[in-house]
Structure formats: C-alpha cells, structure tokens
Amino acid sequence: LHSGLVWQGDGGDGLLWQAHGDADATELLLLIYRLQPSTHRYAPTLRLTMLDRTARYHARRVTPEGKHDSGWFHTSARLFAELEDGGVEFDGAWLVQAGLPAPRTTAETCYLVHLTRV
C-alpha cells in the first residue's frame, strides 16, 4: 500500500472508490465508500479503467477478522455471496467496460475487494 499507485473514481449515487496496487495493477485493494444514502434501487457499477482488458481477475471481499456486517449490507444477490465465499473471476474487459457491481450499502460504510490478476 505504501509504495504502489493509487487510482480513484466516482461511481455516482454517493459512491467513491480508491484502488491501491502495484504499478501494473496485477494486485489491488479496492475500497468502495458510500458517503450518502443511495437514491437508486441498485448501486452503480464501478468501471476500473486501470486494469488490463486482456487479463482475468479474481475478486474476493475482504472482511476484517471477527467483524460482521451488522445490517449495513443489503443484498441477496448471488454474486456478493460468492465474493464472500472464495471469490469470483472476471474478464478484465468486463471490469473496464461494464464495471464491478457494487453492493447496496448504508451511508458512511466501506466495502473492500481484493483483486488479483489470474
């Protein structure tokens, strides 16, 4: 985190994101912040334009040990359950063009995702 690069973006609907990683974006820690309550039914996707379109990426949610959601994470979507349970693989082109789906969360929360080039 201290010697790599930082990318930032605005996902809209009160979402901001930061990605911390090495210069060629082979391994990243993505922090997704919800600053205000959502005004949308579904959270927007986050287009990660710094990624390699020709690569595949493994994404998994990072949860601090001993911490639980305590109700701020509102979804029944299978994708988010899989991010919790071992992770999901995405095409780089998908993450760049369509974007990583963001969960619907309450205001003033942060969702962490570890991305690794496969």
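Here's what I pulled together on the structure shown here. (Residues numbered from 1 in each chain as written. Predicted model: local features only at pLDDT ≥ 70, side-chain atom pairs only at ≥ 80, totals over all residues. Heavy atoms only, no water.)

## A short note on empty space enclosed by the protein
In total, this model carries one cavity of 30 Å³ or more according to the counting rule given. Empty space within the largest cavity amounts to approximately 40 Å³. In terms of lining residues, the largest cavity is bounded by eleven residues, among which Leu15, Ile32, Pro103, Thr105 and Tyr111 are the most central. Elements with a contribution of two residues or more to the lining of the largest cavity: strand S3 (27-34) and strand S8 (109-117). (1 Å grid on protein atoms, 1.4 Å probe; cavity = no way out; pocket = protein on both sides within 12 Å on 5 of 7 lines; lining within 4 Å. Points joined across faces, edges and corners; volume = space filled by probe spheres on them. Helix = DSSP H or I, 4+ residues; strand = E, 2+ residues; numbered from the N terminus.)

## Here we look at the environment of Leu31
Along the chain, Leu31 turns up in strand S3. Owing to a relative accessible area of 13%, Leu31 belongs among the buried residues under this scheme. Taking the C-alpha atoms as reference points, Leu31 and His20, separated by eleven residues in sequence, lie 8.4 Å from one another. Leu31 has contacts with Leu16, Trp17, Gln18, His20, Cys110, Tyr111 and Leu112, leaving out every residue within four places of it along the chain. (Buried < 20%, exposed > 50% of the residue type's maximum accessible area, 1.4 Å probe, protein only. Contact = heavy atoms within 4.5 Å.)

## Thoughts on the sheet that holds strand S2 (residues 15-21)
Ordered in space as S1-S2-S3-S8-S5-S6, the six strands form an open sheet in which the pairing is antiparallel. Every other strand in the sheet has two partners, leaving strand S1 (5-12) and strand S6 (88-91) as the edge strands with one partner each. In this sheet, neighbouring strand axes are inclined to one another by 25° on average, regardless of whether the strands run parallel or antiparallel. As paired elements, S1 and S2 share seven bridges and run antiparallel to each other. From the neighbouring strand, Gln8 faces S2, where its bridge partner is Gln18. (Pairing = 2+ DSSP bridges. Axes fitted to C-alpha atoms, helices over the stretch in contact; angles between N-to-C directions.)

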